[in-house]
Amino acid sequence: MTTTTTALVTGANKGLGYETVRRLGELGWQIFLGARDADRGKRAAVELAEQGVNVEFVHLDVTSTDSIAAAVAAVGARITALDVLINNAGIPGAFIPPQETQAADFRAVFETNVFAPVQVTHAFLPLLRAATQPRVVMVSSGMGSLTITSDPDRVESTLLNLPYTSSKSALNMITSQYARELTGIQINAADPGYTATDFNSHAGYQTLTEGTDAIVRLATLGPDGPTGGYFDRQGPVPW
Ligand SMILES: NC(=O)c1ccc[n+]([C@@H]2O[C@H](COP(=O)([O-])OP(=O)(O)OC[C@H]3O[C@@H](n4cnc5c(N)ncnc54)[C@H](OP(=O)(O)O)[C@@H]3O)[C@@H](O)[C@H]2O)c1
């Protein structure tokens, strides 16, 4: 008997999340497209359904515990197990010189990039645990790597943004900590690479397909695949 693989992608009305839904849809998966704005989310789901993707919109503002609970109920009403959770929603925050940055500048960025993936993962654990080979992908960034951001040959070393970089470093540690406890779930961090999306006013040099390679690879891991790792489209990334 074959069963359809199920996945939820947060922040999937555009950019890397949308492309991830499209690519996993090509594999015949049943996908829940999370978006905080119902109009944008429904429009994206309709567009993808017209391309043959088995997709449903789920209203999900990842910074709202009520919205997360409603999304768990909505997804739980449709499926009995969630194979793959992709915590993709993220914001860059403002690029303010470090010496001018204040604690208040961190709050929205940490709400979305750090606290939300924890809340969403925690809330979906029962549905994930009901799956045969559950996987969680945390969409991180090379900007969260201390090694990469200190390497003058890398573009990531040219950008200064205290809240965003530290939020992704925190997400990396959260991924590692989860993986050490949740041995029945493969949980990894993806560095998409600098990809042309609204996130960077389309300054990124990678295509959406290149930017989703690591996410798709981690979403489609076999049972012998890694957990607690950090990968870009070429392979392992230094923390
Ligand atoms: N693009 C890159 O070069 C790059 C590189 C490394 C890592 N990343 C990471 O990749 C992820 C996706 O980025 P992207 O480039 O695809 O950016 P994007 O095009 O700006 O898309 C971000 C998505 O996140 C959603 N979002 C933001 N806050 C949300 C919330 N509270 N609840 C639900 N959804 C929310 C946005 O929804 P709205 O449309 O409603 O705003 C949008 O759908 C982010 O985590 C980012 O840090 C991107």
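Now for a quick tour of the structure. Source: prediction; values computed, not measured.

Structural notes on the overall build of the chain
Within the chain, the regular secondary structure consists of seven helices and eight strands. Since a compact globule built from 239 residues should have a radius of gyration of about 18 Å, the 17 Å found for the chain is in line with a globular shape. With respect to the principal axes defined by its C-alpha atoms, the chain has extents near 55 × 40 × 30 Å. The buried share among the 239 residues of the chain stands at 46%.

A few points about the packing of helix α1 (residues 15-26) against helix α7 (residues 208-219)
Closest axis-to-axis distance for the α1/α7 pair is 9 Å, and the angle between their directions is 60°. Accordingly, the angle class assigned to the pair α1 and α7 is oblique. Classified by chirality, the crossing of α7 by α1 is right-handed. For the pair formed by α1 and α7, the contact residues are Leu 16, Glu 19, Thr 20, Arg 23 and Leu 24 on the first element and Leu 208, Thr 209, Gly 211, Thr 212, Ile 215, Val 216 and Ala 219 on the second.

Notes on the site of the ligand
Around the ligand, 29 residues are found, and the nearest of them are Gly 11, Gly 15, Gly 90, Thr 197 and Phe 199. Of all the elements, α1 adds the most residues to the shell around the ligand, at three residues. When its residues are assigned to classes, the shell around the ligand shows nine nonpolar, 14 polar and six charged.

As for unusual backbone geometry
Not every positive phi belongs to a glycine, and Ser 201 is a case in point at roughly 50°. For Ser 201, the position within the fold is in the loop between β6 (186-190) and α7. Of the residues examined, Ser 201 has 8 C-beta atoms within 10 Å and is grouped as exposed. The phi dihedral of His 202 is positive, around 60°, even though this residue is not glycine. You can see His 202 is positioned in the loop between β6 and α7. Exposure remark for His 202: the 9 C-beta atoms within 10 Å place this residue in the exposed category.

A few points about the pairing of strand β2 (residues 30-35)
With five of six residues buried, β2 lies mostly within the body of the structure. Across four bridges, the pairing between strand β1 (residues 6-9) and β2 is parallel. Looking at the pairing, Val 9 lines up with Leu 33 of β2. Each parallel crossover has a hand, and for β1 linked through α1 to β2 it is right-handed. Alignment of β2 against strand β3 (residues 54-59), held across six bridges, turns out to be parallel. Directly across from Ala 35, in β3, lies its bridge partner His 59. Between the parallel elements β2 and β3, the chain passes through helix α2 (residues 38-50) in a crossover that is right-handed.

Section: the nonpolar core
A general tendency of soluble globular proteins is for nonpolar side chains to be buried together. Ranked by internal contacts, the top residues of the largest apolar core, which has 55 residues, are Leu 8, Val 21, Ile 31, Leu 33 and Ile 86. At six residues, helix α4 (residues 104-129) tops the list of elements feeding residues into this core. Setting aside residues up to four positions removed in sequence, Ile 31 forms contacts with Ala 7, Val 9, Val 21, Leu 24, Gly 25, Val 53, Asn 54 and Val 55.

A few points about α1
Over its 12 residues, α1 extends 17 Å from the first C-alpha to the last, a length consistent with the 16 Å expected when each residue adds 1.5 Å. Most of α1 sits out of view: 11 of its 12 residues are buried. Among the residues of α1, those classed as buried are Gly 15, Leu 16, Gly 17, Tyr 18, Glu 19, Thr 20, Val 21, Arg 22, Arg 23, Leu 24 and Gly 25. Once α1 ends, the next one or two residues include Gly 28, with phi positive near 90°.

With respect to the sheet that holds β1
Strand order in the open sheet formed by eight strands is β3-β2-β1-β4-β5-β6-β7-β8, with mixed pairing between adjacent strands. Taken across any chain shown, the strands that pair with only one partner, and hence form the sheet edges, are β3 and β8 (235-236). Contacting β1, β2 and β3, helix α3 (residues 65-78) crosses the sheet at an angle of about 150° to β3.

What about the environment of Val 136?
Residue position: Val 136 is located in strand β5 (residues 135-139). Along the sequence, Val 136 and Asp 83 sit 53 residues apart, while their C-alpha atoms lie 8.5 Å from each other.

Cut-offs and rules
Residues numbered from 1 in each chain as written. Predicted model: local features only at pLDDT ≥ 70, side-chain atom pairs only at ≥ 80, totals over all residues. Helix = DSSP H or I, 4+ residues; strand = E, 2+ residues; numbered from the N terminus. Rg over C-alpha atoms; globule rule 2.2 N^0.38 Å. Buried ≥ 20, exposed ≤ 12 C-beta atoms within 10 Å, placed from the backbone. Axes fitted to C-alpha atoms, helices over the stretch in contact; angles between N-to-C directions. Parallel < 35°, antiparallel > 145°, perpendicular 65-115°, else oblique. Left-handed = near helix turned anticlockwise from the far one by under 90°. Contact = placed C-beta atoms within 7 Å. Near = placed C-beta within 6 Å. Nonpolar A, V, L, I, M, F, W, Y, C, P; charged D, E, K, R; others polar. Pairing = 2+ DSSP bridges. Right-handed = clockwise from strand over helix to strand, strands pointing away. Core = buried A, V, L, I, M, F, W, Y, C linked by C-beta atoms within 7 Å. Expected span 1.5 Å × (residues − 1).

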